[in-house]
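Chain and residue survey
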Amino acid sequence: MTRLTFAVYGKGGIGKSTVTCNVSIALARRGKKVLQIGCDPKHDSTFTLTGFLIPTIMDTLQAKDYHYEDVWPEDVIYQGYGGVDCVETGGPAAGTGCGGYVVGETIKLLKELNAFYSYDVVVFDLLGDITCGGFAAPLNYSDYCIIITDNGFDALFAANRIAASVREKARSHPLRLLGLIANRTVKRDLIDKYVQACPMPVLELLPLLEEIRVSRVQGKTLFEMAETETSLMYVCEYYLNIADQLLTEPEGVIPRELADKDLFNLLSDFYLNTDTKTLNSQTQSFTPLKENSINKQKELDFYFV
């Protein structure tokens, strides 16, 4: 197998870092040398791997007075649980600069340190659904993009924007969309409605479990928690399944995202024609639309004129 690189995107708060950390460990359990790069100024992507907020690239550069030649791999790479190596880009103080710029500089620095290409798998964990500027830079270096979503309107709207970014990047880079991971999801009917209109694989449906949320608070991955709570071992199989799909090096897809109006019509039609009580039991991330579906459709048509 050649070196594999992938970037994880999705709506803010959807659980990207929790999923990414567990997939990184699953890849390590399959015998791969893994580097996870957290690309968020709040620098908490690798928290469940290391158990603490590791110093960031920005911290290290500031301490070295921005002399890149004085930075060594051990200054910026920290080993986490399961042998997964971790890097956090960090970023400037809020409102003072561009965090995306630091992402690009991180890739540049890791290349100069001959670290970027010394791993079997490199994983980028990106914040939110921002796919512009430096936050889109990982797509230039990735074989695949993975989108984290749930069975809700907002997450799928974000997924559609990310799919559009993958399509654009695929024009000039060997990038493909590997597929969706549905996180904290009981049902997948709205997801199925979306992928029918915008074809892409659904890699896994991760369960809605309190233990997964608690793992984030405790600073532990599900794999580490399962060492003492054997009832969680079955959950780890979900992440191992995702890792196995990655390691088969599938062809992936170049998505054809939906136009905004078409997406709104598709998803709003689902809500407007679904019993609210049933819907509440299926998704955790939606805001009910107005009961008057005729008025709502008029609002959507007016908005997209």
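As the structure is a computational prediction, the values presented were derived from the model and not from experiment. (Residues numbered from 1 in each chain as written. Predicted model: local features only at pLDDT ≥ 70, side-chain atom pairs only at ≥ 80, totals over all residues. Heavy atoms only, no water.)

1. Observations concerning the pairing of strand β6 (residues 144–149)
How we decide: Per-residue accessibility, obtained with a 1.4 Å probe over protein chains only, is compared with the maximum for each type, and a residue is labelled buried under 20%, exposed over 50%, and partly exposed between these values. A run of H or I in DSSP becomes a helix once it reaches four residues, and a run of E becomes a strand once it reaches two; helices and strands are each numbered from the N terminus. Following DSSP output, two strands are said to pair if at least two bridges run between them. Seen with its strands pointing away from the viewer, a crossover is right-handed if its path from the first strand over the helix to the second goes clockwise.
Within β6, six of the six residues are buried, which leaves it mostly tucked inside the rest of the structure. Relative to β6, strand β1 (residues 4–10) runs parallel, the two being bridged by five bridges. Along β6, the bridge assignment pairs G10 with I148. Pairing analysis gives six bridges linking β6 to strand β7 (residues 176–182), with the strands arranged parallel. Residue pairing for β7: I148 is matched across the bridge by I181. In terms of handedness, the path from β6 via helix α7 (residues 153–169) over to β7 forms a crossover that is right-handed.

2. Concerning the UniProt feature "binding site: [4Fe-4S] cluster" (unreviewed entry) in the chain
Basically, it comes down to this: UniProt positions are given in the numbering used here, feature names are shortened, and annotations may be inferred rather than shown by experiment.
Those residues carrying the UniProt feature "binding site: [4Fe-4S] cluster" (unreviewed entry) are C98 and C132 in this numbering. Across 35 residues in sequence, these annotated residues keep their C-alpha atoms within 11.5 Å of one another, forming a single compact spot. The residue C98 is located in the loop between β4 (85–88) and α5 (99–112) in this model. Using a relative accessible area of 46% as the deciding quantity, one classes C98 as partly exposed. Secondary-structure assignment places C132 in the loop between β5 (121–126) and α6 (137–141). By relative accessible area, C132 is classed as exposed at 52%.

3. Let's talk about helix α11 (residues 233–247)
Under the convention used in this document: Given a helix with a known number of residues, its expected span is that number minus one, times 1.5 Å. Directions are taken from the helix axis to each C-beta atom, and the arc is the one they span.
The end-to-end C-alpha distance of α11 is 21 Å, a good match for the 21 Å that 15 residues give at a rise of 1.5 Å each. Residues of α11 that are buried include every one of V235, C236, Y239, L240, I242, A243 and L246, and no others. Viewed end-on, α11 has its buried residues packed into an arc of 155°, placing them on one side of the element. Looking at the residues trailing α11, positive phi occurs at E249, about 50°.

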